[in-house]
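# Structure at a glance
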Amino acid sequence: MPTHEPEGRGSITVDHLPPDLTRTLYRHMRTARDLDAEAIALQRQGVFPAYVSVRGQEAAQVASAAALDPERDFVFPTYREMAAALAYGVEMVGYMATHRALWHGGLYDVMASRFGAINAVVGGPVPHAVGWAVGERLRGDDGVALAYFGDGASSEGDVHEAMNFAGVMAAPVVFFCQNNQWALSVPNHRQIAGGSVSARAEGYGMPGVLVDGNDAGAVYQATAEAVARARRGGGPTLIEALTYRVEPHSTSDDPTRYRDEADAERWRRRDPLDLLRAALIEAGHADEDALAEVDAAARERAEAIRDGVATAPEPDGSELFTHVFRETTDELIRQRRVWQEEVEL
Amino acid sequence: MPTHEPEGRGSITVDHLPPDLTRTLYRHMRTARDLDAEAIALQRQGVFPAYVSVRGQEAAQVASAAALDPERDFVFPTYREMAAALAYGVEMVGYMATHRALWHGGLYDVMASRFGAINAVVGGPVPHAVGWAVGERLRGDDGVALAYFGDGASSEGDVHEAMNFAGVMAAPVVFFCQNNQWALSVPNHRQIAGGSVSARAEGYGMPGVLVDGNDAGAVYQATAEAVARARRGGGPTLIEALTYRVEPHSTSDDPTRYRDEADAERWRRRDPLDLLRAALIEAGHADEDALAEVDAAARERAEAIRDGVATAPEPDGSELFTHVFRETTDELIRQRRVWQEEVEL
Amino acid sequence: MTELIERAGAPAGSAPVELSMQQAINRALRVLLAEDPDTLVFGEDVGTLGGVFRVTDGLQKEFGDRRVFDTPLAESAIMGMAVGLAMNGWRPVPELQFDGFAYPAIDQIVNQVARMNYRTRGAAPMPITLRLPSFGGIQAPEHHGESLEALFAHTPGLKVAAPSDAGDAYTLLLQSVRSDDPVVFMEPKARYWDRRPVQLLEPTTPVGTSRIVRPGRHATLIAWGAMVHRCLQVAELAAEDGVDLEVLDLRWLKPIDAAGLAASVARTRRAVVVHEAPLTAGLGAEVATLVTENCFRDLAAPVQRVTGFDVPYPAGPLEPQYLPTIDRVLLAVQRTLEY
Amino acid sequence: MTELIERAGAPAGSAPVELSMQQAINRALRVLLAEDPDTLVFGEDVGTLGGVFRVTDGLQKEFGDRRVFDTPLAESAIMGMAVGLAMNGWRPVPELQFDGFAYPAIDQIVNQVARMNYRTRGAAPMPITLRLPSFGGIQAPEHHGESLEALFAHTPGLKVAAPSDAGDAYTLLLQSVRSDDPVVFMEPKARYWDRRPVQLLEPTTPVGTSRIVRPGRHATLIAWGAMVHRCLQVAELAAEDGVDLEVLDLRWLKPIDAAGLAASVARTRRAVVVHEAPLTAGLGAEVATLVTENCFRDLAAPVQRVTGFDVPYPAGPLEPQYLPTIDRVLLAVQRTLEY
Ligand SMILES: Cc1ncc(C[n+]2csc(CCOP(=O)(O)OP(=O)(O)O)c2C)c(N)n1
Ligand SMILES: Cc1ncc(C[n+]2csc(CCOP(=O)(O)OP(=O)(O)O)c2C)c(N)n1
Ligand SMILES: [Mg+2]
Ligand SMILES: [Mg+2]
């Protein structure tokens, strides 16, 4: 049974990766971090009704998304994959719009982004990834689906069913569990029988990988291997990236009710961005000046996204009726009239 | 990955078990075999609308049920546990009534029998066993719940959720999978990723045991160990009893559409009853004469049950309304009057 | 939008063939698999076995196990997989083996299938047709005789069809699968083996069109699935007593043909809605309410409901007493005529 | 069986206390846990955290983690566990965190919880009360604003309660948990934080009793959950124009108080039913049909329905346009008065 102590507590290395890649990882992680802070601020200002932070999980998200090919792969996210979306190239004003409650699934184009709609059903989108992957193989194409889910989600029946389907059908899918050690208020030991999500993989006949989720280089490596295996017909992989939810579950949550903040503090000190920054310098992939420039650009981009989402127009009420069906119905047309009638009062 | 070839192809041994126990196992298995044949005949005569045979699975069922204590344990069956019911002491006319479609759950007293209602939802009753077991521990009692389910059922989300709950809560439950290698028309290799149900256990931090399901002595031993562990607070166990569905899925099924009957024939020759009979004689637990007497008594009992179920009265139509609630409603009373009105036409 | 049965489809070129409903659905699936290489048929036991009702018989042989395949036994994953396949450009036609086993998949159906087009503002349509052997009347085990139409009809984003005979099953299935919206296609098990000469017609009327299967003057019987046949039996009996009943086959349970209902009841001034599902919050309440909303001044009596009772679907001998009997429908007709 | 609000419970001995609905429910749970050692409270985050709405706040501390505990994140297993606990003599009060996450548990609820008493012919009763934070109005994420009452009310073997204010939530929860039948207890999230002086009363009226929360003469507004408050607002506005509206709080959505509905509408001759769920096959259809069946000759106009639209529950700014607004209800009142 793998331990849940963060491994390699001291430092990480990116020596095994090309410098342009590691700089890209850093840039995305930095931007995500800044955007996350902006989002929390927007929530405090009342612009967002609520927000779910990705702080501390940037390495797990950015490095896994970066191991995919946005031209041919497809990502199935939950509600906490802002950093992955950013790294994958999703249009971020549209992404953040969901947190302003402008539209539940987000306002980016899901099909053009090859990044599924934000999904609030814990475990629900995981079988979608399997279906997409099966469809890819049926057509003879070589795209890979990646499903993000949490440690809590691993308890849901849908996740089991999806893994079993993927195993039986040898579907090219990567099950990527971000184990941030908390499912809202419930810690791993009251959530995961056996203590490890990745240990489940063997029972489905697929490789299971436990990786330090705060080590961007390790996450990238593990994901790239899983993606390559899936692409060449080797079937699914289950990756568990061990990290920590250093922030509350959401801005509505009060973690002091259920956890010792010293624990969170310990993990805050093992910040994935700090680790990567040090590794970049250590590996000679970048120097302080270059990183300062990246930091400035990241800040600028985060602010631009923030401004974009804060000022995005609200959808018109008529959109209530527009997307229910491809081919609308008389009844909906009638109901739209009822709505209109009231608007015109 | 455990192989799915029947192990110990030649013979089995019961040397490790007391003679009165092994004779009891034989008696129940013999009775179940005869009753099964009677049931198939009743279906052919049109008395039963349909029937699901347990033939070939008598060792798996009888020996596992016999390892329980019907005074303090509780069994959660599916729709194919006739032999287990018989071994556990369920009132068998009431049990078989379900196959005459007299009442869906059976007509035996579920609570007095400590044997749950016949349940047609594949996977559905497995979490009930966990709930019962958790309740037992909460009260400080030492009963054990045993959930039967099939290889097909292992794919259902409920089974995963139940195992995870049991692991996290260290519930005294035995998950007993009868892997008869077919889920209706679907064979193991298109059902079970990784090839083995018991291999899933490790991922939940519980012992997983693969046992020859046609070896009554081995099944008894494995179940008794799991029950003892659960009883002393050691938590859940997953047992996979490898056997074979030698009959069609049900009397409505035509297996020639999907499997090679030579395969079934091979397993028919490895009949659990024949194996046990030989082992009893080999171990000196019984001789041919004694077994002939048991056979005759079994036949008699099977026929008595058959006659009982064939002549059992149909429930009165008013029972439609009797058991919906503990405290009925005005609306149901009114509907009962509507029903009565028509009866009296 | 209501139409007479003769006009239920066109062109009526082909000669009638003798088919059961189960065979007619099989024919429709063949047409659909042949005409669109993106159409996929999958579910529990639909491949090698050809389905427990043989509805998919021979399809795997004809179209291969890429297009027609068995899945493991997990309803939620079947529907979840359909979502992913749709997002990858396929046109999934999953089967869930029996009505009562749709419940484990309800989360995927309601929270995912029905909403994905909405959630993605039209970017990810769900051209999924869920084939669901439905309703009772075959003295089957528990959970094999359920009527889930009220739940599906109440779910925004789903369309729901329920054919009543072989010919219409063929036509409605073509229409459902070709639709880019998700459709729950409820096949009345009790009619699967009903053989009769049928014309295999292309759909010509819009989704949501009901049909009058028997014109009449004194009251309208409204039904779907197997209950249409029951209503036709009732109408024949009533005719012997000089009571001339119209029978309206709803066909589409969402969207409901409110105009067709209103047109019929405006003429007959009396209506009885008949369904197998329990009474309370059944689709009969919606039908009755629509009729009342649209024909309030015309109605000579409240719309009568003849339905299953508010009890779990019972076993064998109680089944005929649970389902709307001819007598119960006749009593309701009498009540509405004498009101 | 309808009663005036003042008589909603007894004895009225205790003085009113200022409480939010969320606190009143918490009080009821305390009473229930204290009075019956077999009562168990469990679900996602109900233990240490005290629930995302703090409804179970402090219960684990007071009653220990044997009686009040967190489960892993799996709704189906939560309800399945409740079944097994009930079979072992416990009285489970599980929570599912939000309405939309009841769907993964629907199979256990419909196929197991609702049927076990029937299946076992009364041997294994299911004294389970499922607490379900329900309905919309709080601008929450997707799946956090759903109204599942039509589904539950349609399911034989379930009873369904939906309180509209803090005091009644207290009384109804006592009644639900003490019942030996399974009850789905739908808590209107939008009213959780509404604080007012409430009397904590023991239940005195039978399960299935509605109440008139505002007597009136010109039409009856029928609602449950948060829509009762909305109807009271409407009634106040209408009163300014001299229109005197009665507001009936259904309270029990199964069994429905048909007699109470009939008594009110027989007097007012006009009815408007208001709910958050989508229109088609919503519980409003059942209410309208019951009223029409019982008051056909008295009704001056068809029962009006003001409901959510047949669209998936929308995000933030669209939510107030989806939910029945005061204006929409007023328009319906006008329609029924002018019919
Ligand atoms: C099916 C379902 N049940 C419950 C919830 C409510 N809920 C939202 S997030 C959450 C915890 C999820 O934990 P985890 O999967 O570890 O993801 P994390 O929030 O840590 O990223 C819960 C219970 C939900 N969204 N979906
Ligand atoms: C939830 C659910 N889905 C589908 C079915 C239909 N069905 C009945 S038995 C069966 C196969 C079950 O296979 P397995 O679990 O291996 O049990 P076995 O019949 O072999 O004993 C299926 C698909 C069902 N009863 N329940
Ligand atoms: Mg987590
Ligand atoms: Mg099997």
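Conventions and cut-offs
- Residues numbered from 1 in each chain as written.
- Chains lettered and ligands numbered in written order.
- Predicted model: local features only at pLDDT ≥ 70, side-chain atom pairs only at ≥ 80, totals over all residues.
- Heavy atoms only, no water.
- Contact = heavy atoms within 4.5 Å.
- Buried area = accessible area lost by both parts, 1.4 Å probe.
- Salt bridge = Lys/Arg side-chain N within 4 Å of Asp/Glu carboxyl O.
- Polar contact = N/O pair within 3.5 Å; in protein donor to acceptor, adjacent residues only side chain to side chain.
- Helix = DSSP H or I, 4+ residues; strand = E, 2+ residues; numbered from the N terminus.
- Near = heavy atom within 4 Å.
- Areas by Shrake-Rupley, 256 points an atom, 1.4 Å probe, with all protein chains shown as cover.
- Nonpolar A, V, L, I, M, F, W, Y, C, P; charged D, E, K, R; others polar.
- Core = buried A, V, L, I, M, F, W, Y, C linked by side-chain atoms within 4.5 Å.
- Buried < 20%, exposed > 50% of the residue type's maximum accessible area, 1.4 Å probe, protein only.
- Donors = N, O, S within 2.8 Å, 3.2 Å for Na, K, Ca; no water.
- Least-squares fit on C-alpha atoms with pLDDT ≥ 70 in both.
- pLDDT = per-residue confidence, 0-100.
- Pairing = 2+ DSSP bridges.
- Axes fitted to C-alpha atoms, helices over the stretch in contact; angles between N-to-C directions.

## Some remarks on the interface of chain C and chain D
Every contact between the two is made by 47 residues of chain C and, on the other side, 47 residues of chain D. Approximately 4200 Å² of surface area, both sides summed, lies buried where chain C meets chain D, with 60% of it carried by carbon and sulfur atoms. Where chain C touches chain D, the interface holds 10 salt bridges. Close ionic contact of C:Glu286 with D:Arg305 constitutes a salt bridge, the shortest N to O distance being 2.8 Å. At the boundary of chain C and chain D, one finds 24 residue pairs in polar contact (both at pLDDT 80 or more). Among the elements of the structure, helix H4 (106-113), helix H5 (116-119), helix H6 (149-154), strand E16 (271-278) and helix H10 (283-295) of chain C are those that each provide at least two residues to the side of chain C that touches chain D. Top element by residues in the side of chain C that touches chain D is H10(C). It accounts for 8 residues.

## Concerning the site of ligand 1
Looking at ligand 1, there are 20 residues lining it, with A:Tyr79, A:Arg80, A:Ala120, A:Asn180 and D:Glu75 nearest. Site remark: ligand 1 is flanked by residues from chains A and D. Here an oxygen atom of ligand 1 and a side-chain polar atom of A:His249 are 3.5 Å apart. At a separation of 2.5 Å, a nitrogen atom of ligand 1 approaches a polar side-chain atom of D:Glu75. Within the complex, 95% of the 580 Å² of free accessible area of ligand 1 lies under protein. Considered class by class, the residues forming the shell around ligand 1 number 10 nonpolar, 5 polar and 5 charged.

## What about the nonpolar core?
By size, the foremost hydrophobic cluster in this structure holds 317 residues, and its most contacted members are A:Phe175, B:Phe175, C:Phe152 and D:Phe152. Setting aside anything within four residues of it in sequence, one finds D:Phe152 in contact with D:Ala102, D:Ile106, D:Ile109, D:Leu132, D:Leu158, D:Val160, D:Val184 and D:Met186.

## Brief notes about the coordination of the magnesium ion (ligand 3)
Residue and element names in this part refer to chain A. Distances from the magnesium ion (ligand 3) to its protein donors, namely Asp151 (OD), Asn180 (OD1) and Trp182 (O), fall within the range 2.1 Å. Counting the intervening residues between successive donors of the magnesium ion (ligand 3) yields the motif D-x28-N-x1-W. Both residues of the pair, Asn180 and Trp182, belong to the buried class.

## A look at the relation of the copies chain C and chain D
Superposition of chain C onto chain D requires a rotation of 180 degrees combined with a translation of 0.0 Å along the rotation axis, giving an RMSD of 0.0 Å. Taken together, the rotation angle and the small translation identify this as a two-fold axis. Closest to the rotation axis within chain C is the C-alpha of C:Ala285, separated from it by 2.6 Å. When you check the interface residues of chain C against chain D, 100% turn up at the interface there too, and the contact is symmetric in its surfaces.

## Thoughts on the confidence of the model for chain A
For chain A, per-residue confidence averages 96 on the pLDDT scale, and 97% of positions sit at 70 or higher. The low-confidence segment residues 1-8 of chain A, where pLDDT is below 50, has 23 contacts with residues more than four positions distant or belonging to other chains.

## Observations concerning the sheet that holds strand E2 (residues 145-150) of chain A
All names here are of chain A. Ordered by their spatial adjacency, 5 strands build an open sheet running E1-E2-E3-E7-E6, and the pairing between neighbours is parallel. A single partner strand is all that each edge strand has here, and the edge strands are strand E1 (74-76) and strand E6 (208-212). Strand after strand, the sheet turns through a mean of 20 degrees between neighbouring axes, direction not considered. Bridging between E2 and strand E3 (residues 173-179) involves 6 bridges; their strand directions are parallel. Bridging across to E3, Leu146 finds its partner in Val174. Lying on the sheet, helix H2 (residues 58-66) is in contact with E2, E3 and strand E7 (237-242); it crosses E3 at an angle near 170 degrees. Packing against the sheet, helix H8 (residues 216-231) makes contact with E2, E3, E6 and E7, and its axis sits at approximately 160 degrees to E6.

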